[in-house]
Amino acid sequence: MRVVIVSGLSGAGKTIALRALEDIGYFCIDNLPITLIEPFLSTIKTKQDIEKIGIGVDIREKEFLSDAYNILSFLKGQYRIEILFLEAEKDVMLRRYKETRRPHPMLSIRGEMSMEAAVEEERMLLSVIRDAADKIIDTSNYTPHQLRCLITSMYGNVVETQAINISLISFGYKFGVPQNVDLLFDVRFLPNPYFIPELKPLKGTDSVVYDFVMKNNETKEFLGHITRLIDFLLPHYIREGRTYLVMGIGCTGGRHRSPAIVEDVSKYIKEKHGIKPNVIHRDME
């Protein structure tokens, strides 16, 4: 039985993550008190048809957080558990709440307080769960769709014809580096289509921009190095038993060079290794 405990800051995407898990076959329950997880799992493990479980834990269970670390450590010794913690930068959190106009959960716990204080108070209270987390994802630069795709690729069943799930993320360094990547590559050394007037408004997935990036000798040499590295690493990751791999390729703005490279690498992996990667162009729009 595989168990994923999803926690994190309010507004960081916990609901999206749980729904993504549910969509790929997990039996999900939200807002379960930490002290009730073990009795719940003891009951569920007798059910032969339930093998994957997602559990949401958040600040609403504040009275149970004091013993959270010890309880989670005990659970990890008894079950196959992974703790996923979602967070985002304070400015992003404030913007999201402003857009949705939803009250922050801390307001019902602490009473009247500013939104800034509520976000920081919650971050402090949840630090004990963050410290116990196996994976921490900063969702600041992810759209709901991108986060859903990432969760699906990380926790979804590997397709029978594939030995591992792979996600390729293109991004712009000026918007921050994705924190959840396993392999990171910087392609800012390549000639930049941004400075070509007719290419500037286009995207790396447009054929004319793609061709501009691919025709350079530096690009060809780089792709030779990266594909050889992929050929070397994938069999070892598969032999290790990994079920997913996240690769990030970044340029300055994430609109031209990195999307073009990601498209080419995705095509290579599919043709050479028979694995269809999940492609996310984080900053291309």
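Look up: the structure comes first, before these words.
Throughout what follows, the structure given in this document is the object of discussion. Here the structure is a predicted model, which means the values were calculated and not measured.

**A word on the sheet that holds strand β3 (residues 52-56)**
If you walk across this open sheet you meet the five strands as β2-β3-β1-β4-β5, and the pairing is parallel. Where the open sheet ends on each side, the last strands, each with one partner, are β2 (27-29) and β5 (135-138). Looking at each pair of strands side by side, their axes are set apart by 20° on average, direction ignored. One ladder, built from five bridges, connects strand β1 (residues 2-8) with β3; its direction is parallel. Counted as the bridge partner of V4 is G54 from β3. Each of β1, β2, β3 and β4 (80-87) touches helix α1 (residues 14-23); the most contacted strand, β1, lies at about 160° to it.

**Quick word on the packing of aromatic side chains**
According to the stated counting rule, one finds five aromatic pairs in the structure shown. Between F27 and F40 the ring centres are 6.4 Å apart and the planes differ by 20°, which places this aromatic pair in the stacked class. Taken together, the positions of F27 in strand β2 and F40 in helix α2 (residues 37-44) put the pair 13 residues apart, joining distant regions of the chain. Using a relative accessible area of 39% as the deciding quantity, one classes F27 as partly exposed. Taking NZ or CZ as reference, R242 lies 5.0 Å from the ring centre of Y237, over its face. The residue whose ring lies beneath R242 is Y244, and the NZ or CZ to ring-centre distance is 5.9 Å.

Conventions adopted
What you see as residue numbers is a count from 1 along each chain, following the sequence as written. Selection of residues for local features in this predicted model requires a pLDDT of at least 70, selection of side-chain atom pairs for listing and counting requires 80 or more, and totals for whole chains, interfaces and linings are taken over all residues. Based on all heavy atoms of the structure, the side-chain values leave hydrogens and waters out of the count. Strands pair, by our definition, only if DSSP identifies at least two bridges between them. Helix and strand assignments come from DSSP, with helices taken as H or I runs of at least 4 residues and strands as E runs of at least 2, each series counted from the N terminus. Note on definitions: angles span 0 to 180 degrees between N-to-C directions of axes, and those axes are lines fitted to C-alpha atoms, for helices only across the stretch in contact. Whether two residues touch is decided by their heavy atoms; if any such pair falls within 4.5 Å, the residues are in contact. Aromatic rings from Phe, Tyr and Trp, taking only the six-membered ring of Trp, are treated as a pair when their centres fall within 6.5 Å; an angle between ring planes under 30 degrees marks them as stacked, one over 60 as edge-to-face, and anything in between as tilted. Relative accessible area decides the class of each residue, using a 1.4 Å probe on protein chains only: under 20% of the type maximum gives buried, over 50% gives exposed, and in between gives partly exposed. Cation placement over rings: the criterion is NZ of Lys or CZ of Arg within 6 Å of the ring centroid and within 35° of the ring normal.

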